[in-house]
Amino acid sequence: MKIFPSLISANLLQLGAVVQTIDDHVDGYHLDIMDDHFVPNLTWGPAFIAALRRITKKPFQIHLMVDNPAAWISRLAFNSGDSFIFHVEAVADSGIHTVLRDARSAGWRVGLALNPGTQVERVGQHLASMDEVLLMSVNPGFSGQSFIDTSAKATQLTALSGKLNVKMPVMCMDGGINESNIGSIANAGVELVGAASAVFGGNNEVENIKKLRIAATR
Ligand code: DX5
Ligand code: ZN
């Protein structure tokens with residue numbers, strides 16, 4: 001299981017030091033961009049992403065909780081291997097293909113996120129154009145919410161990709177993930193998780209990450 005900490009519940013005034021401490025222990029960073037419109041909260045912008053890029057070489061999974069993801073394609077600095085994930089609920093069906101295509105031609109890995117209440121069929125026609133799919137296990141907007149079990153969608157997506165005869169994107173999950181649910185998430189076929197509270201709760205992030213890795217194998 002790949003663990004991508006979401007920095008929103010880290011000690012924000014010590015972020016440089018936090019990243020230095022955990023960098024060797026993480027597979028990448030899950031970076032939540034919120035616009036106070038698609039979700040009622042605000043987080044990082046382009047300058048923060050660029051600053052973070054200067055202190056780590058790990059991949060970034062940018063999770064855009066914004067109304068207009070197309071506008072963000074050229075705003076964000078990125079390295080090859082970084083991914084650009086936006087919400088299927090944020091863009092009209094007819095426009096999704098264009099955003100995926102434009103982000104990919106700018107060099108990003110691309111994918112769609114689905115809110116807990118959104119059915120997997122919504123992304124069916126786009127599966128072939130996606131590198132990652134992000135199943136939300138909370139309603140987006142805040143860290144520290146309780147896990148909503150959406151792992152049945154992992155199975156449904158795999159079945160859908162078989163039916164459509166397209167390669168499955170990397171299956172990712174985000175929200176409320178902790179030691180007690182990560183094992184069953186892994187068993188459902190999820191390969192990468194974003195996690196904030198489970199990593200930054202308490203006072204030992206590295207231990208928390210190690211515990212999550214062990215729990216993922218159970
Ligand atoms: C929720 C964000 C998540 C959040 C996860 O809107 O997309 O990435 O940071 O936080 P935890 O792990 O605390 O649920
Ligand atoms: Zn997220």
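A brief structural summary. None of the values given here were measured: they were computed from a predicted structure.

Criteria and thresholds
- Residues numbered from 1 in each chain as written.
- Chains lettered and ligands numbered in written order.
- Predicted model: local features only at pLDDT ≥ 70, side-chain atom pairs only at ≥ 80, totals over all residues.
- Heavy atoms only, no water.
- Helix = DSSP H or I, 4+ residues; strand = E, 2+ residues; numbered from the N terminus.
- Contact = heavy atoms within 4.5 Å.
- Areas by Shrake-Rupley, 256 points an atom, 1.4 Å probe, with all protein chains shown as cover.
- Lys, Arg positive; Asp, Glu negative; His and termini not counted.
- Charge placed at Lys NZ, Arg CZ, Asp CG, Glu CD.
- Phe/Tyr/Trp six-rings, centres within 6.5 Å; stacked < 30°, edge-to-face > 60°.
- Buried < 20%, exposed > 50% of the residue type's maximum accessible area, 1.4 Å probe, protein only.
- Lys NZ or Arg CZ within 6 Å of the ring centre and 35° of its normal.
- Core = buried A, V, L, I, M, F, W, Y, C linked by side-chain atoms within 4.5 Å.
- Near = heavy atom within 4 Å.
- Polar contact = N/O pair within 3.5 Å; in protein donor to acceptor, adjacent residues only side chain to side chain.
- Nonpolar A, V, L, I, M, F, W, Y, C, P; charged D, E, K, R; others polar.
- Salt bridge = Lys/Arg side-chain N within 4 Å of Asp/Glu carboxyl O.

Okay, the overall build of the protein chain next. The secondary structure content of the protein chain amounts to 8 helices and 8 strands. Principal-axis analysis of the C-alpha atoms gives the protein chain an extent of 45 × 40 × 30 Å. The contacts in the protein chain between residues at least 6 apart in sequence include a share of 65% that link residues at least 24 apart. Counting every atom, the protein chain has about 9600 Å² of accessible surface; 50% of that belongs to carbon and sulfur. A gap of 6 Å separates the mean positions of the 17 positive and 20 negative side-chain charges of the protein chain.

For the rest of this paragraph, the subject is the packing of aromatic side chains. Inspection of every chain in the model, using the stated rule, returns 5 aromatic pairs. Ring plane angle 15° and centroid distance 4.0 Å describe the contact between Trp44 and Phe48, whose orientation is recorded as stacked. Assessed through its relative accessible area of 13%, Trp44 is described here as buried. Aromatic side chains Phe84 and Trp108 sit 5.5 Å apart centroid to centroid with 55° between the ring planes, which places their arrangement in the tilted category. In this pair, Phe84 is assigned in strand β4 (residues 83-87) and Trp108 in the loop between α3 (93-105) and β5 (109-114), connecting sequence segments 24 residues apart. Each of the two residues, Phe84 as well as Trp108, counts as buried. Here the aromatic residues Phe78, Phe84, Phe86 and Trp108 are joined through ring pairs into a cluster of three or more. Lying over the aromatic face of Phe60, Arg53 brings its terminal NZ or CZ to 3.7 Å of the ring centre. Note that Arg75 overlies the ring of Trp72, its terminal NZ or CZ placed 4.8 Å from the centroid.

Most often, soluble globular proteins keep nonpolar side chains buried together rather than apart. Among the nonpolar cores identified, the biggest contains 64 residues, and Leu7, Leu31, Ile62, Leu64, Leu76, Phe84 and Phe86 are the most heavily contacted of them. Among the elements that line this core, the one with the most residues is helix α8 (residues 205-216), at 5 residues. Phe4, Ile85, Leu134 and Cys172 belong to the second-largest nonpolar core, a separate cluster that totals 8 residues.

Let us look at the site of ligand 1. The environment of ligand 1 is formed by 19 residues, the closest being Gly141, Asp174, Gly176, Ala196 and Ser197. For ligand 1, an oxygen atom lies 2.8 Å from a polar atom in the backbone of Ala196. Put simply, the parts of the chain that give the shell around ligand 1 at least two residues each are β2 (29-34) and β3 (60-65). With 3 residues, the top contributor of residues to the shell around ligand 1 is β2. In the shell around ligand 1, the residues fall into 8 nonpolar, 9 polar and 2 charged.

Let us now look at the side chain of Glu205. Counting through the fold element by element, Glu205 comes out in helix α8. Despite its burial, Glu205 pairs with no opposite charge, the nearest such side chain being Lys210 at 11 Å.

These values are about where atoms sit, not about what they do.
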